[in-house]
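Commentary on secondary and tertiary structure
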Amino acid sequence: MTDFDRPHRRFNPLRNEWVLVSPHRARRPWLGQVEKTPALALPEYDPECYLCPGNQRAGGVRNPEYETTFVFDNDFPALLPPAEGQAASSGLLTAEPVSGISRVVCFSPRHDLTLPELPLPAVETVIRTWADQTRELAERENIAYVQVFENKGEMMGCSNPHPHSQIWATSFVPNEPQIEQDALLEYHARRGGCLLCDVLDTEKAIGERIVVSNDDFTALVPFWAVWPFEILVISRRHFGALTDLDRAEISNLAGILKQVTTRYDNLFEISFPYSMGFHQAPCDGRPHPEAHFHLHFYPPLLRSATVRKFMVGFEMLAMPQRDLTPETAAQRLLELSPVHYRQAYK
Ligand code: H2U
Ligand code: ZN
């Protein structure tokens, strides 16, 4: 038996890689960088915000007076529509042309309401918007993958506090979803069945890493988590994409999103920074029965609103490492109030 109080490594079957766990180090003193505590209250409307209704964006276009979600083509897109031409590749130095489309999805007209603070029906609308966008973009001939993600907080490089997410649809399957697709395919070929269905069954039987759960989704700190309070949300039903969600699943996914982000905010009583995103089936024209819809939350904070985890040194050069065990992280998130701290103070 592995002694989880001593250094050990854990295997991540979704990436086919290991993570080093050093539980005894969680008690070491911290004399490094201290992050600024982000400002607390935001206005409902900010005349300087390029995402608020009626305001002008950096590119010069004016936003409509939108009332629910608002989607627009990114004014500074990382990807461009397909063009003629070939990339210069020779020998070891390989390049190939890519194309795609980048969009921004504002969650609501409110500058101050993040996912945990939006009413449930508004979160459901956000999910429907992501699904509609996935449907529309996946139908395009040059699109092989639709990545929906949210960068939240200055710490994650998010440029604007107005709650929003991004969608990058690409002519190729990007590295992260490709790594997971390969692992799902390999698992299916070797053992039969679905890796994520089996992970969910295993975690439900053990229970100690589960943070919140409802009829359709389970949020847990994976056994192999790298980020201190990383969360993986797995759907109970085996399906591939946002476009496959039925009405009850949309509602239950909204509930899980609100619960996870509420607990995150409650952890240090701040608006908790993270990058999150859905992994769904590629839309490359081939069937993907192996794909299992899920969602990753990768938050950088470690011990307080001001102490973050850095992926440097051994992690950059060798492998990911964590001090706090996933079980302790799950326990801490589980023990928090399901009511958002700002609501609780009202
Ligand atoms: P972040 O959430 O990661 O900061 O991204 C916001 C996106 O919004 C970013 O990709 C785009 C940026 O290019 N943007 C516009 O499309 N129009 C603007 O007026 C400013 C920012
Ligand atoms: Zn705004």
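Check the entry above for the structure.
So, here is what we can say about the structure in this document. Owing to the predicted nature of the structure, the values given are computational and were not obtained by experimental measurement. Every chain is numbered independently, its residues counted from 1 as its sequence is written. Each chain gets a letter, beginning with A, and each ligand a number, beginning with 1, in the order they are written. Selection of residues for local features in this predicted model requires a pLDDT of at least 70, selection of side-chain atom pairs for listing and counting requires 80 or more, and totals for whole chains, interfaces and linings are taken over all residues. Hydrogen atoms and water are omitted, and side-chain values are computed over all heavy atoms in the structure.

1. Quick look at the site of ligand 1
Among the 14 residues in the neighbourhood of ligand 1, the closest are listed as Ala58, Asn74, Asp75, Ser159 and His164. Contact between ligand 1 and Asn74: an oxygen atom at 2.7 Å from a side-chain N or O atom of the residue. Polar contacts, as used here, are pairs of N or O atoms within 3.5 Å; protein pairs need one atom able to donate a hydrogen and one able to accept it. Residues neighboring in sequence count only if both atoms are side-chain atoms. A distance of 2.6 Å separates a nitrogen atom of ligand 1 from a polar side-chain atom of Asp75. Using the Shrake-Rupley algorithm and a 1.4 Å probe, accessible areas are obtained, with residue cover drawn only from the displayed protein chains. Against a free-state accessible area of 480 Å², the protein chains account for coverage of 88% of ligand 1. Looking at the shell around ligand 1 residue by residue, the class counts come to six nonpolar, six polar and two charged. Here a residue is near a molecule or strand as soon as one of its heavy atoms is found within 4 Å of it. Three classes are used: nonpolar for Ala, Val, Leu, Ile, Met, Phe, Trp, Tyr, Cys and Pro, charged for Asp, Glu, Lys and Arg, and polar for all others, with Gly counted as polar.

2. A short note on the packing of aromatic side chains
Aromatic rings from Phe, Tyr and Trp, with only the six-membered ring used for Trp, were paired whenever their centres fell within 6.5 Å, and each pair was classed as stacked if the ring planes differed by under 30 degrees, edge-to-face if by over 60, and tilted otherwise. Throughout the structure, instances matching the rule amount to 16 aromatic pairs. With centroids separated by 4.6 Å and ring planes inclined at 25°, the aromatic side chains of Tyr264 and Phe272 adopt a geometry described as stacked. Relative accessible area decides the class of each residue, using a 1.4 Å probe on protein chains only: under 20% of the type maximum gives buried, over 50% gives exposed, and in between gives partly exposed. The exposure class assigned to Tyr264 is buried, which follows from its relative accessible area of 0%. Given a relative accessible area of 0%, Phe272 falls into the buried group. When the centroid spacing of 6.2 Å and the interplanar angle of 40° are considered together, the rings of Tyr264 and Tyr274 count as tilted. Remark: Tyr274 occurs in strand E10 (residues 274–279) and Tyr264 occurs in helix H4 (residues 247–268); sequence separation between them is 10 residues. Assessed through its relative accessible area of 1%, Tyr274 is described here as buried. One aromatic cluster is present, built from ring pairs that chain together Phe107, Trp130, Phe217, Phe239, Phe278 and Phe293. Here, over-ring charges are defined by two tests on the NZ atom of lysine or the CZ atom of arginine: distance to the ring centre within 6 Å, and angle to the ring normal within 35 degrees. For Arg10, the ring lying beneath its charged end belongs to Phe223, and the centroid distance is 4.3 Å. In this structure, Arg308 is placed above the aromatic ring of Phe310, and the distance from its NZ or CZ to the ring centre is 4.9 Å. Helix numbering and strand numbering both begin at the N terminus, where a helix is a DSSP run of H or I of at least 4 residues and a strand a DSSP run of E of at least 2.

3. Thoughts on the coordination of the zinc ion (ligand 2)
Only nitrogen, oxygen and sulfur atoms count as donors, using a 2.8 Å cut-off from the metal that widens to 3.2 Å for Na, K and Ca. Water is left out, so coordination shells may look unfilled. On the protein side, the zinc ion (ligand 2) has Cys49 (SG), Cys52 (SG), His111 (ND1) and His162 (ND1) as donor atoms, found 2.0 to 2.3 Å from it. Sites are called tetrahedral only when four donors show all angles between 85 and 135 degrees, square planar or octahedral only when four or six donors show opposite pairs over 155 degrees and all other angles between 65 and 115, and irregular in any remaining case. Taken together, the four donor atoms coordinating the zinc ion (ligand 2) and their angles of 102 to 117° define a geometry best described as tetrahedral. Linear spacing of the donor residues for the zinc ion (ligand 2) on their chain is C-x2-C-x58-H-x50-H. Residue Cys49 is classed as buried on the basis of its relative accessible area of 3%. For Cys52, a relative accessible area of 0% gives the class buried.

4. Considering the sheet that holds strand E1 (residues 8–12)
Paired strands are those between which DSSP finds at least two bridges. The three strands are arranged E1-E2-E14 in an open sheet whose pairing can be described as mixed. Two strands in the sheet have a free side with no partner beyond their single neighbour: E1 and strand E14 (321–322). Here strand E2 (residues 17–21) runs beside E14; their pairing, made up of two bridges, is parallel. Paired with Leu20 across the strands is Gln321, a residue of E14.

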